[in-house]
Amino acid sequence: ASRGDLVKVDMGVQNPPPKGSTPVVALGFLGAAGASLALIISAPFADVKSPGAMSAPIALPAIVKTSEKAAAKAAPKAAPVAKTRKSLKASGYDFEGDATPAETKQFDREAAVKAQAEAKAAKQAAAEKAVAERKAAQAAKAEEAAAAKAANQKASAEKAAAKQSTGAKEAAERKEAAAKAAAEKKEAAAAAAAEKKEAA
């Protein structure tokens, strides 16, 4: 026998090479192991007589559709305010400082009257303001008209004064010219008389 035959060791059965179905088979084994483990854990609870089992079945309420009218009819009615206050007061609740329903209604009425009075006052104030503004506009218009009239009168007076001044100046000039002419005439007559005297 050769040296290779002497050292050859029998390794036993060898696993076959992997195939395409090998992962599927492995997952199948894992699933079977998980199912077995689940059965082992849940076995004590499978018996209804076991200590951990429930003795009575759980009754689930039935789902019934109700209409809105039936739901409103079945809704609990609110307790009266006075009765509620009385029961709360009997339970120890202190209502000191809280307004009663009658006081609340009175407050609401007073608030409504106050709001109505304020609205009326605001409306009246707006009307008075409009009247005052209209009167102020009329007064301003009247003042503007009076100022325009005064300006026209002043212009007319200045025009008349200028015309009168021009007339007086012209009259003075005419008077001065007449006096000058009379003086020249007198001088001419005196010269003529002197010449006549010398000639005689």
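Predicted model, so just to flag it, every value in this text is computed and none were measured.

A. Broad picture of the overall build of the chain. Of regular secondary structure, the chain possesses five helices and zero strands. In sequence order, the secondary structure elements of the chain are arranged as α-α-α-α-α. With 200 residues in all, the chain has 1% of them scored as buried. Element-wise, carbon and sulfur atoms account for 63% of the exposed surface of the chain, whose accessible area totals about 18,700 Å².

B. Structural detail: the confidence of the model for the chain. Confidence in the prediction of the chain, expressed as mean pLDDT, is 75, and 62% of residues score 70 or more. Within the chain, the element-level pLDDT minimum falls on helix H1 (residues 3-7), averaging 52, and the maximum on helix H5 (residues 101-199), averaging 89.

Scoring rules and cut-offs
Residues numbered from 1 in each chain as written. Predicted model: local features only at pLDDT ≥ 70, side-chain atom pairs only at ≥ 80, totals over all residues. Heavy atoms only, no water. Helix = DSSP H or I, 4+ residues; strand = E, 2+ residues; numbered from the N terminus. Buried < 20%, exposed > 50% of the residue type's maximum accessible area, 1.4 Å probe, protein only. Areas by Shrake-Rupley, 256 points an atom, 1.4 Å probe, with all protein chains shown as cover. pLDDT = per-residue confidence, 0-100.

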